[in-house]
Structures are given as C-alpha cells and as structure tokens.
Amino acid sequence: MAVKQGVKSLPLLDSKNKEKVLNELAELFKNFGDSTRVKILYALISSSMNVTDLARMLEISQPAVSQQLRVLKKRGLVKSERDGQLQIYSLADSHVRSIISIGLEHVMEEK
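Note that this is a predicted model, so its numbers are computed, not measured. (Residues numbered from 1 in each chain as written. Predicted model: local features only at pLDDT ≥ 70, side-chain atom pairs only at ≥ 80, totals over all residues. Heavy atoms only, no water.)

### Focus: the confidence of the model for the protein
Caution applies to low-pLDDT regions: their predicted coordinates should not be interpreted in detail. Of the residues in the protein, 92% reach a pLDDT of 70 or more, and the chain-wide mean stands at 91. When mean pLDDT is taken per element in the protein, helix α3 (residues 51-58) scores highest with 98 and helix α1 (residues 18-30) scores lowest with 94. (pLDDT = per-residue confidence, 0-100. Helix = DSSP H or I, 4+ residues; strand = E, 2+ residues; numbered from the N terminus.)

### With respect to the packing of α3 against helix α4 (residues 62-74)
Where α3 contacts α4, the two axes come as close as 9 Å, and the packing angle between them is 115 degrees. Crossing angle aside, the handedness with which α3 passes α4 is right-handed. Contacts between α3 and α4 involve Val51, Thr52, Leu54 and Ala55 from the former and Gln62, Val65, Ser66 and Leu69 from the latter. Residues belonging to the contact of α3 with α4 are distributed by class as follows: 5 nonpolar, 3 polar and no charged. (Axes fitted to C-alpha atoms, helices over the stretch in contact; angles between N-to-C directions. Left-handed = near helix turned anticlockwise from the far one by under 90°. Contact = heavy atoms within 4.5 Å. Nonpolar A, V, L, I, M, F, W, Y, C, P; charged D, E, K, R; others polar.)

### Topic: the packing of helix α2 (residues 35-46) against α4
Where α2 contacts α4, the axes come no closer than 10 Å and their chain directions differ by 80 degrees. Here α2 is positioned roughly perpendicular relative to α4, judged by the angle of their axes. Counting all contacts with α2, which are made through Thr36, Arg37, Ile40 and Leu41, the residues of α4 involved are Val65, Gln68, Leu69, Val71 and Leu72. Taken together, the residues of the contact of α2 with α4 break down into 6 nonpolar, 2 polar and 1 charged. (Parallel < 35°, antiparallel > 145°, perpendicular 65-115°, else oblique.)

In structure tokens form, the structure reads like this:
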C-alpha cells in the first residue's frame, strides 16, 4: 500500500507499550464520538471563544457547552485562559486541528 506524499509515517510502537498506547488512542477517539464536542472543536478552529459565545453560535445551552468543555479540557483537547471574568477557550494545540481536518476530509471524500 502506497503512502500519500506528505503524510508522515506512523510512529513505531514497542511491544511493551503497544497495548497501553493503543488504549489511550481509543480513549482519545471516544472524545470525538459526541456531536456537541465535535461542534465545539470545529468552532474553536476559527477563533477562541467563551462559553456564552460558543452556546450562542452553536445554539446549544450554556450548561451543555460548559459540561462538554470540561470533558475536552480534561482530555487535553482544549485549553482556557482567563480574560477578566471570562474563561476563553481554544484548541489545545495543532494536533487537535489536524484531527478535525483529517476527519472532515475523510467524511467529505467522494465514495
């Protein structure tokens, strides 16, 4: 099977850590199994936002957005910083952006 040009090769897993690492990968992907979390991550690709702005943009209740942000933050997918009384949320790093981007490419690919 040919690897697409520009695609990094997969990291090699040593046999003693393989099970642990693959379980952690499965846990990571579970976070993308909730449509509200995916919508939040997608919204944060374009700009950092507070809970109120996210709730308004996504037409989801503030408590629901807050709950999902807590999950995403705990899993290291988003980060927050205080701006006065507001918590401003953003993607944790470029890896999260890449996961969303690659996922979108996959689902939008013509079959």
